[in-house]
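Inside the fold
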Amino acid sequence: EREIRAFGRRAAVIRLDVTDEGSVRALGPTARDALGPLDAWVNNAGADILTGRAASLSAVEKLDLLLAVDLRGTMLASWQAAEILGAQEQGGVIINMSWDHVLTGMAGSNPQLFAAAKGAVLAFSKSLARSVAPRVRVNVLAPGWIETSFGAGVDEDMHQRVAESTPLKRWGTPDDVAGAAVFLASPA
């Protein structure tokens, strides 16, 4: 927040539990009160089932977590955003996060779980876009292999295999995803 304010911009830190409907319902008005009219709303919350304590959860526990955070949380927040942005004179943009392997598939238990949740986000977003356009644009970002804490923890062989499997021959970066989000949020 301090860094954003240092650029002369408004910023607010708002606690949120995307699995709690009341928390999500309060987010929109709280954000609008703190920041004024909203131009873009990015639903980027995602459950980490790959690292830490969550990595040892059962497949069903991981699925429940992904459905609660990645799918239900995105849907609740998108409905809140569509209501707020749709009521504004200038409308706005919703950006939801999916996953590139939703369309191509990937072997493994965790990829099956991610594909189910993130595939549902993609399908939901397409239907939401048809419901709220043209006042509110709905876009989906579907990143592939991004150098996050998971990527930093994989062995060198897997790291190299992933890099070789991508057109740019490297893992994506958080800045790559942020740049795409900024573009989608812009009038361009």
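Scroll up a little and you will see the structure.
Just so it is clear, the structure is predicted and the values come from calculations on it, not from any experiment.

**Examining the environment of Q160**
When you line up the elements, Q160 lands in helix α7 (residues 156-165). Classification of Q160 by relative accessible area gives partly exposed; the value is 38%. Spatially, the C-alpha atom of Q160 lies 42 Å from that of L85, the residues being 75 residues apart in sequence.

**Considering the pattern of salt bridges**
Tallying each qualifying case throughout the model produces five salt bridges. A salt bridge links E83 to R25; the shortest N-O distance between them is 3.3 Å. Of the two residues, E83 is situated in helix α3 (residues 59-87) and R25 in helix α2 (residues 21-35); the sequence distance between them amounts to 58 residues. When the shortest N-O distance is used, the salt bridge between D70 and K118 registers 3.1 Å. Taken together, the positions of D70 in helix α3 and K118 in helix α5 (residues 109-132) put the pair 48 residues apart, joining distant regions of the chain. Take D70 and K118: they sit in the same class, and that class is buried.

**Regarding the packing of aromatic side chains**
Taken as a whole and assessed by the stated rule, the structure comprises three aromatic pairs. Centre to centre, the rings of W79 and F124 are 6.1 Å apart; their planes meet at 80°, and the pair counts as edge-to-face. A residue pair is termed long-range when its members are at least 10 positions apart, and W79 in helix α3 and F124 in helix α5 qualify at 45 residues. Judged by relative accessible area, W79 falls into the partly exposed class, the value being 46%. Measuring from centroid to centroid gives 5.5 Å for W145 and W171, while their planes differ by 65°, and the two rings are edge-to-face. In this pair, W145 sits in the loop between β3 (136-141) and α6 (149-152) while W171 sits in the loop between α7 and α8 (174-185), placing the two residues 26 residues apart along the sequence. Like W145, the residue W171 is buried in the burial classification.

**Re α8**
For α8, built from twelve residues, the straight-helix expectation of 16 Å at 1.5 Å per residue is met to within 8% by its first-to-last C-alpha distance of 16 Å. The secondary structure elements touched by the buried residues of α8 are β2 (92-97) and β3.

**A few points about the sheet that holds strand β1 (residues 40-43)**
One open sheet accounts for three strands, arranged β1-β2-β3; its pairing is parallel. With one partner strand each, in any of the chains shown, β1 and β3 form the two edges of the open sheet. With strand direction ignored, the average angle separating the axes of adjacent strands in the sheet is 15°. As defined by bridge partners, β1 adjoins β2 across four bridges and the pair is classed as parallel. Within β2, the residue paired with N43 across the bridge is N96. In the packing of α5 onto the sheet, the strands contacted are β2 and β3, and the crossing angle to β3 comes to about 165°. Relative to β3, α8 is tilted by about 160°, and along the sheet it contacts β1, β2 and β3.

**Concerning the side chain of N96**
Within the secondary structure layout, N96 lies in strand β2. Discounting chain neighbours no more than four positions away, the residues touching N96 are N43, T74, S78, V121, F124, S125, V138, N139, V140 and L141.

**Focus on unusual backbone geometry**
Of note, the bond from A133 into P134 is cis; its omega dihedral lies within 30 degrees of zero at 5°. Residue placement: P134 occurs in the loop between α5 and β3. The phi dihedral of K169 falls on the positive side, at around 60°, and the residue is not glycine. Classification of K169 as partly exposed rests on a relative accessible area of 46%.

Basis of the calculations
Residues numbered from 1 in each chain as written. Predicted model: local features only at pLDDT ≥ 70, side-chain atom pairs only at ≥ 80, totals over all residues. Heavy atoms only, no water. Helix = DSSP H or I, 4+ residues; strand = E, 2+ residues; numbered from the N terminus. Buried < 20%, exposed > 50% of the residue type's maximum accessible area, 1.4 Å probe, protein only. Salt bridge = Lys/Arg side-chain N within 4 Å of Asp/Glu carboxyl O. Phe/Tyr/Trp six-rings, centres within 6.5 Å; stacked < 30°, edge-to-face > 60°. Expected span 1.5 Å × (residues − 1). Contact = heavy atoms within 4.5 Å. Pairing = 2+ DSSP bridges. Axes fitted to C-alpha atoms, helices over the stretch in contact; angles between N-to-C directions.

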